[in-house]
Amino acid sequence: MADAHDDAVRERFARTADGVAAHARAQVEQVRDELRVFLAPIRGDERALDVGTGAGTLALALAPLVGEVVGVDIVPELLEAARRDAPANVTFVEGEATALPFENGSFDLACSRRTLHHVGRPELAVAELARVCRAGGRIFVDDQIAPADPLAALELDRFERARDPSHHRTLPDLDLRHLFEANGLRLLGSRQFTHRRALGYYLELAGCTGEDAERVKELSPGDREQYVAESAWYLCAKP
């Protein structure tokens, strides 16, 4: 069932859909090259799911690597943008990460990229990824991760929410690992990344401009020009 936070996600991404779609297209090839290595071995006939697909970065990156991809999101404007670039083996449908419209065990590979920090109940989203993945299948999660220091994590989330009202909470690495464990998933591998983000572009991408942008810069975890973010990839197996 939709809630106020879902409405905030829809509003933010509907308003910034064009910029988000352009950002998504620019990342597809790099994400594909990195996934080809991280997900190996890939047979090529897998049915894959991309939850929180947005404008389709992950779904479009996966398309040449697998047999079929289904992308799911709650923002119609982003789905419309994703469909414009979609090859024949990719479809996009509207749906919620915490209540996926698919049967148990429907996918060989269930994925989520940069989505969990937008979800009010990330534990439900991970449970849904596990539910729709078949026994013996794999789950891939990519998200920004919070500092281990809880005060630093609070400051990061304060900044992210001020920049983007659709942001809910950045989970630390340990919390994500606990969610995988709680769903009976076996962690096969992980990889951490450091991103130096230019605040001007990062704020503009979220539609945060003018006086609002100047105010948010004061909350930056770095300085008024840039800050360093951490993210991680996780690959799990469903027994």
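A. Main features of the overall build of the protein chain. When you go through the protein chain residue by residue, the secondary structure sums to 9 helices and 7 strands. Computed over its C-alpha atoms, the radius of gyration of the protein chain comes to 17 Å, within 12% of the 18 Å expected for a compact globule of 239 residues. With the C-alpha coordinates of the protein chain rotated into their principal frame, the extents come out at 50 × 40 × 35 Å. Classification of the 239 residues of the protein chain by burial places 51% in the buried group. In the protein chain, once contacts between residues fewer than 6 apart in sequence are set aside, the share between residues at least 24 apart is 74%. Here the protein chain has roughly 11,000 Å² of accessible surface; of this, 51% comes from carbon and sulfur atoms. One way to put it: in the protein chain the 29 positive side-chain charges average out to a point 4 Å from where the 40 negative ones average out.

B. Looking closely at the sheet that holds strand 7 (residues 226-237). An order of 3-2-1-4-5-7-6 is seen for the 7 strands of this open sheet, with the pairing classed as mixed. In this open sheet, the two edge strands, each paired with only one partner strand, are strand 3 (90-94) and strand 6 (186-198). Mean inter-strand twist for the sheet, computed between neighbouring axes without regard to direction, equals 15°. Of the pairings in the sheet, the one linking strand 6 to strand 7 comprises 12 bridges and is antiparallel in character. Of the residues in strand 7, the one forming a bridge with R191 is W233. Helix 4 (residues 76-84) rests against strand 2 (68-73) and strand 3 of the sheet, and its axis sits at about 170° to strand 3.

C. View of the side chain of S220. The residue S220 is located in the loop between helix 9 (210-217) and strand 7 in this model. Given a relative accessible area of 12%, S220 falls into the buried group. At 3.0 Å, the side chain of S220 forms a polar contact with the backbone nitrogen of G222. When neighbours within four sequence positions are excluded, S220 is seen to be in contact with F159, L199, Q226 and Y227.

D. Structural view of the nonpolar core. In terms of nonpolar packing, the biggest core is built from 28 residues, with L49, F102, I139 and F180 touching the most fellow members. Only strand 1 (47-51), strand 2, strand 4 (107-113), helix 5 (122-132), strand 5 (133-145), helix 7 (173-182) and strand 7 provide two or more residues apiece to this core. Of all the elements, helix 5 adds the most residues to this core, at 5 residues. Once residues lying within four places of it in the same chain are set aside, the contact partners of F180 are V126, V141, L185, L187, Y234 and C236.

E. Examining helix 9 more closely. Three or more residues of helix 9 are buried, namely A213, V216 and K217. Looking straight down helix 9, one finds that the buried residues subtend no more than 100° of arc, so they occupy a single side. Buried positions along helix 9 lie against helix 6 (150-163) and helix 8 (199-205).

F. Structural context of unusual backbone geometry. That bond from A40 to P41 is cis: its omega, 5°, falls within 30 degrees of zero. Relative to the helices and strands, P41 is located in the loop between helix 2 (17-38) and strand 1. With a phi angle near 55°, R114 is a residue other than glycine that sits in the positive phi range.

G. Molecular detail of the pairing of strand 1. Counting buried residues in strand 1 gives 4 out of 5 residues, a clear majority hidden from the surface. Alignment of strand 1 against strand 2, held across 5 bridges, turns out to be parallel. By the bridge assignment for strand 2, V51 is matched with V72. Inspection of the sheet shows strand 1 paired to strand 4 by 4 bridges, in the parallel sense. Directly across from D50, in strand 4, lies its bridge partner C111.

H. Structural context of the pattern of salt bridges. According to the stated counting rule, one finds 21 salt bridges in the structure shown. The closest approach of N and O atoms between D212 and R215, which form a salt bridge, is 3.9 Å. Of this pair, D212 and R215 both sit in helix 9, 3 residues apart, roughly one helical turn. For D212, a relative accessible area of 43% puts it in the partly exposed group. Among the residues examined, R215 registers a relative accessible area of 47% and is labelled partly exposed. Through salt bridges with shared partners, one network takes in R12, E160, R163, D164 and R197.

What counts and what doesn't
- Residues numbered from 1 in each chain as written.
- Predicted model: local features only at pLDDT ≥ 70, side-chain atom pairs only at ≥ 80, totals over all residues.
- Heavy atoms only, no water.
- Helix = DSSP H or I, 4+ residues; strand = E, 2+ residues; numbered from the N terminus.
- Rg over C-alpha atoms; globule rule 2.2 N^0.38 Å.
- Buried < 20%, exposed > 50% of the residue type's maximum accessible area, 1.4 Å probe, protein only.
- Contact = heavy atoms within 4.5 Å.
- Areas by Shrake-Rupley, 256 points an atom, 1.4 Å probe, with all protein chains shown as cover.
- Lys, Arg positive; Asp, Glu negative; His and termini not counted.
- Charge placed at Lys NZ, Arg CZ, Asp CG, Glu CD.
- Pairing = 2+ DSSP bridges.
- Axes fitted to C-alpha atoms, helices over the stretch in contact; angles between N-to-C directions.
- Polar contact = N/O pair within 3.5 Å; in protein donor to acceptor, adjacent residues only side chain to side chain.
- Core = buried A, V, L, I, M, F, W, Y, C linked by side-chain atoms within 4.5 Å.
- Arc of directions from axis to C-beta.
- Salt bridge = Lys/Arg side-chain N within 4 Å of Asp/Glu carboxyl O.

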